[in-house]
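Below are the chains, spelled out letter by letter.
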Amino acid sequence: MTYHSGSRAVQDRVGVRELADHVGRSVGQGIRPVAAAFLELQPMLVVGAADPASGAVWASLLTGEPGFVRATGVRQISVTGGGPREGDPLAPALATLGTSVGTIALDPRTRRRMRVNGRVRPTPRGFAIEADQVFSNCPKYLQKRESYEKAERSPATPRRSAELSLEQRRFVESADTFFLATVHAHGADASHRGGNPGFVHAPSPHELHWRDYPGNSMFLTLGNLEADPRAGLLFLDWVSGSVLQLTGRARTRYAADGRRTVRFTVTGAVQTPAASPLRWSPPEYSPANPALP
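Residues numbered from 1 in each chain as written. Predicted model: local features only at pLDDT ≥ 70, side-chain atom pairs only at ≥ 80, totals over all residues. Heavy atoms only, no water.

**Side note on the overall build of the protein chain**
In terms of helices and strands, the protein chain carries six helices and 19 strands. A compact globule built from 293 residues should have a C-alpha radius of gyration of about 19 Å, and the protein chain, at 18 Å, falls within 12% of that. Over its C-alpha atoms, taken along the principal directions, the protein chain stretches across nearly 50 × 45 × 40 Å. Of the contacts formed within the protein chain by residues at least 6 apart in sequence, a portion of 70% connects residues at least 24 apart. Side chains of the protein chain give 35 positive and 26 negative charges; the mean places of these two sets differ by 2 Å. (Helix = DSSP H or I, 4+ residues; strand = E, 2+ residues; numbered from the N terminus. Rg over C-alpha atoms; globule rule 2.2 N^0.38 Å. Contact = heavy atoms within 4.5 Å. Lys, Arg positive; Asp, Glu negative; His and termini not counted. Charge placed at Lys NZ, Arg CZ, Asp CG, Glu CD.)

**Here's the deal with unusual backbone geometry**
We note that Ser217 has phi near 75°; this positive angle belongs to a residue other than glycine. Tracing the backbone through its elements, the reader meets Ser217 in the loop between strand 14 (207–211) and helix 6 (220–227). Positive phi, normally seen in glycine, also occurs at Ala274, with a value near 55°. Relative to the helices and strands, Ala274 is located in the loop between strand 17 (260–272) and strand 18 (278–280).

**Observations concerning the pairing of strand 7 (residues 126–137)**
The pairing of strand 4 (residues 76–80) with strand 7 spans five bridges and is antiparallel. When the bridges of strand 7 are listed, Ile77 appears paired with Ile129. Where strand 6 (residues 112–123) and strand 7 come together, eleven bridges link them in antiparallel fashion. Its bridge partner lying in strand 7, Thr123 is registered against Gly126. Following strand 6, the chain reverses through two residues before pairing antiparallel with strand 7. (Pairing = 2+ DSSP bridges.)

**A short note on the environment of Val27**
Following the sequence through the fold, Val27 ends up in the loop between helix 2 (17–24) and helix 3 (33–40). When its relative accessible area of 13% is taken as the criterion, Val27 is described as buried. Through-space distance from the C-alpha of Val27 to that of Met1 is 6.1 Å; in sequence the pair is 26 residues apart. Those residues within four positions of Val27 in sequence are excluded, and the remaining contacts are Met1, Gln133, Val134, Phe135 and Met218. (Buried < 20%, exposed > 50% of the residue type's maximum accessible area, 1.4 Å probe, protein only.)

Structure representation (structure tokens):
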């Protein structure tokens, strides 16, 4: 894998360039049969991209019957019948030919996740993505949820604001999982962040921050933020299906003891009650989650 200058800067700062080169060999452009089979079992997909008009970066949750996401070629996945809901801020990006997108398919039942990054091509029934990067991640910080059921509910009208309400801040601080979309000059990425409830802090209506836990050492997300601070966050209520989407800018702070903290400034928020029809079982927290102070 060829890293851009942002990722290289972070790798060098942390001292993991050699390890990153080793791990990066697992990133390819092709979708292997085992990966294709994994995709077809998933009822949800998270997609991240920049709005082609405003430039704001958003992350969105797409859901459908298993099989709505599938590999339709060695380097292509197709999404049918599970496009963005009405009012989703990411809809314009997914309808624009050539938009750079990052995706992550995460299965809480098995603690497995897979990422496919590439470019969008709208289709009559949804969209396709021509893959530039295909890879899997380890199960670190991924909460296990044994099962889900499909609830009979319809998304409510999205509520838009420029800052977080007190209720939204409490929701963020109770989360054990969120998704993070970032971009760089030639692409986009969607990643997962997890921890024990309370690992994300929302000290004001305009600010969030969280500790960046050790991962695969590629530093794709922090590398993107090093090059371009635009970011989108997605928080999901795994029971009610409510979704909170945030857009803004993020920067990483490095402490002398090696800890990294990401600070996110909110510039826009969209909350959609009952956005997802999936009702998941209670979580079994990852044994990798660090204890909170």
